[in-house]
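The lines below spell out each chain.
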Amino acid sequence: MAETNPVPFFDDDLPAPKPGGIAARALAASGRGAKDYLAGLNPEQCEAVQTLDGPLLVLAGAGTGKTRVLTTRIAHILATGRARPSEILAVTFTNKASREMKHRVASLVGDVAEGMPWLGTFHSIGTKILRRHAELADLKSSFTILDTDDQIRLIKQILSAENIDEKRWPARSLAWTIDGWKNRGLSPKEVPAGEGASFANGKGKQLYEAYQERLKTLNATDFGDLLLEPIRIFRESPDVLAQYHRRFKFMLVDEYQDTNVAQYLWLRLLAQGPRNLCCVGDDDQSIYGWRGAEVDNILRFEKDFPGAKVIRLERNYRSDAHILGAASHLIAHNQGRLGKTLRPQGEDGEMVTVAGSWDSGEEARAIGEEIEQFQRQDVSLDEVAILVRASFQMREFEDRFMTLGVPYRVIGGPRFYERQEIRDALAYLRCVNSASDDLAFERIVNTPKRGLGDATVQTLNGIARSARIPLMEAARMAADTEELKPKPRQTLRDLTQCFQRWSHAAETMKHTDLAEMVLDESGYTEMWRQDRSPDAAGRLENLKELVRSMDGFENLQGFLEHVSLVMDTDTGDADEKVTLMTLHAAKGLEYDVVFLPGWEEGLFPHQRSLDENGRAGLEEERRLAYVGITRAKKRAKIYFASNRRIHGMWQSSIPSRFLDELPDTHVEVVEAPAAFSNRGFGESRFDRIEPFGSTYNTPGWQRAQQRRETFTANSFGNGYSGRRGGPTVIEGELVAKSTANAASYELGERVFHDKFGYGDITEVEGNKLTVQFDKAGQKRVIDSFVKRV
DNA sequence: ACTTTCAATCTTTTT
DNA sequence: GATTGAAAGT
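Residues numbered from 1 in each chain as written. Chains lettered and ligands numbered in written order. Predicted model: local features only at pLDDT ≥ 70, side-chain atom pairs only at ≥ 80, totals over all residues. Heavy atoms only, no water.

Threshold: UniProt positions are given in the numbering used here, feature names are shortened, and annotations may be inferred rather than shown by experiment.
Going by the annotation in an unreviewed UniProt entry, the name recorded for chain A is DNA 3'-5' helicase, with Flaviflagellibacter deserti given as the source organism. If you open the UniProt record of chain A and go to Sequence similarities (unreviewed entry), you find "Belongs to the helicase family. UvrD subfamily."

## Topic: helix H23 (residues 511-521)
This is how it is decided: Per-residue accessibility, obtained with a 1.4 Å probe over protein chains only, is compared with the maximum for each type, and a residue is labelled buried under 20%, exposed over 50%, and partly exposed between these values. Helix numbers and strand numbers start at the N terminus; a helix is a DSSP run of H or I with at least 4 residues, a strand a run of E with at least 2. Contacts are assigned to residue pairs with any non-hydrogen atoms lying within 4.5 Å of each other.
Along H23, the residues classified as buried are His511, Thr512, Leu514, Ala515, Met517, Val518 and Leu519. Buried residues belonging to H23 abut helix H18 (420-433), helix H22 (486-508), helix H24 (524-530), helix H25 (536-550) and helix H26 (556-565). Positioned one or two residues after H23, Gly523 has a phi angle of 85°, which is positive.

## Looking at the sheet that holds strand E19 (residues 750-753)
Rules: A strand pair is defined by DSSP finding two or more bridges across the two strands. Each axis is a line fitted through C-alpha atoms, and for a helix only the stretch in contact is used; angles between axes span 0 to 180 degrees, taken between their N-to-C directions.
Taken in spatial order, the five strands line up as E22-E21-E20-E19-E23 in an open sheet, and their pairing is antiparallel. In the strand order of this sheet, the two ends are held by strand E22 (777-782) and strand E23 (786-788), each with one partner. Within this sheet the neighbouring strands show an average axis-to-axis angle of 45°, counted without direction. As paired strands, strand E20 (residues 757-765) and strand E21 (residues 768-773) are joined by six bridges and run antiparallel to one another. Bridge pairing links Asp760 to Gln772 in E21.

## Notes on the packing of aromatic side chains
Put simply, the test is: Stacked, tilted and edge-to-face pairs are distinguished by plane angle, under 30 degrees for stacked and over 60 for edge-to-face with tilted covering the rest, among Phe, Tyr and Trp rings (Trp via its six-membered ring) whose centres lie within 6.5 Å.
Counting across every chain of the model gives 24 aromatic pairs. Taken together, a centroid distance of 5.6 Å and an interplanar angle of 85° make the contact between Tyr256 and Phe301 edge-to-face. Of this pair, Tyr256 sits in the loop between strand E6 (250-253) and helix H12 (261-270) while Phe301 sits in helix H14 (residues 301-304), and the two are 45 residues apart along the sequence. Note on Phe301: relative accessible area 0%, which makes it buried. Within the aromatic cluster, the residues linked to one another by ring pairs are Tyr428, Phe499, Trp502, Tyr524 and Trp528.

## So, unusual backbone geometry
Following Thr447, the chain continues into Pro448 via a peptide bond in cis, with omega recorded as -5°. As for its position among the elements, Pro448 is in the loop between helix H19 (438-444) and helix H20 (454-467). The omega angle of the peptide bond from Phe604 to Pro605 is 5°, so this bond is cis rather than trans. By the secondary structure assignment, Pro605 is in the loop between strand E15 (591-596) and helix H28 (607-629). With a phi close to 65°, Asp138 is a non-glycine residue in the positive phi region.

This is the structure we're talking about:
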């Protein structure tokens, strides 16, 4: 299913009631007007669904039917004819959630998901709003959305232009800082003076400003802008805001505890119209504080929206009583929560288990063995998940599953669209789609290698900057003049001609065929075919997958939009597999059996969280633990290891403090099945395959382990071979001076060129000049590269 | 212009 | 350990 609406963004502008309106159809679909959909809801859920007017906060504990309430509420609004699908704004935090919501609404009300254009993530809806009012934000509605990678490259350019030492002030951290400001809804001007000074000796604010400026000239936004710009538009253009007030009769927000300040401001502006705002969330599951989420938003709801009603959902239908008891007891250690009492509905079930092991390898073996046992007991592997705190923990499990032959899937690992080959391919497509996508162009000018190195790119950048044109055009110009040596010039000419041809073909060709053609003719696929490294085959496979995934979209534009907002892919494989993911990724999911490895001080709670955020950090970690345990329906199994390899070095660790916070009544301490099998002699039968039986901390063992890791990593296709993004130094004397005299020249004028020296103009053709140089002879140059004498 | 080598740095979670 | 950038070599 495509979550980006393939129909373009201006489709529902006219709220003309459709004949045989969807509401009517929905009503019919809901079963002869009877409120079937309310059946099976408990009283609180029912109330939450039917309380339509005024602000409403639904405090929904884990597993209490939060999504059900949201979707049923939408069905209810439609069925009662209070609003049409296009008049309901429903925002979620993740793509996964919005996808699921769409599904479930559709199954309740019939296939009107098409008619719910305003159901989506904060970011996708922000994009939609921004595209239609782009001109108010100084953008064209075709603006591109930069991902983190592009963002960092852009910031690097700015830093080097400002002559800031990237060693001391890494681009990453500036990106992070800017992101933080944006999360808090701060434009460059609004950054508090003290904070603005925190980066690069007081230049932080100024750099932020420069960054925003660059974005505008690139006709691009980053993730933060997708929220910030609409906020600004709403504030500055009340008529625009009023337009949305008229449109959105009802607003629903999922996972309200995860909203940041910007999102809150955005919502509050929209909710000034009809005040029918319904927020669903659970303060105990707020785990994105590090990304700017403000638990405060949910704690303050009643103050922010006077007259708000609060409904608590406390009946938990997911987990057995022991699991719930353990989780509740743990989370009770947190202060500053609204407080809920989760009530189990089912039986006691099994106790939560805690098992220790010698090291992380043994932990993985123990879990692997238990999974095999479940497998023999016909437990579906789809119902088994391993939730880790940090992604590096996954590797050990992948390793283990590989040798055991246990099928597994990784969620949120190295993501499809972040892989090098995919990003390269996308860059090509972006260039075809829009010739002014400079970052994309820069990425692929010399991929595959065509002899266009740093020097060439710098020249192009110079031309582009001074003439204020996109790089692609600069390249086209450079091909016609003599700024560059003949060889790169020819290459450049060929390349730009290719792109012209492709862009032209794009108008008539099917976009999937186009993609294949582009990748083929550019030599990109050939590059990987030539590549002898072991993962080249996997990369080619990924490229095929990319083209295949484009099939689900109307056109190239729609696909690219999808990609920039949805960084995950639907892993629509039907095979039964164990799921491996981080705790963060697990929110909102549930499994019969949940393994929770790595409960050690420093890892979980994570040291950094403690260092940087103190008690608040600890509480967030604890909420993370709570989220982890409450994912389990029948069994929750916690592990800790005494030794773990961190940064490649073995470190001993002590069990997590969270273990002590679990209640004895619901927890039993067990011995991991493989415990102490590592004493060197008595290998368990499952270790046969392990050629390294003796001790686990000898250098030899570690080396062997490494070798195996690199080996298996390849077959998983996540190897990143050294990526070299041409560090492009822009700016410099040359550019600064040449920008000044962009005026047109006249025949016979005397000019100076940095490379060719003095000369006289013999011909003028637009911004291209022919100059008879005193020493270098006659050359064609670009006007911005010379100056009057 | 490209490749290799070496040293330095930093290790969470992600729309 | 892994990734990254810069310097030296081809």
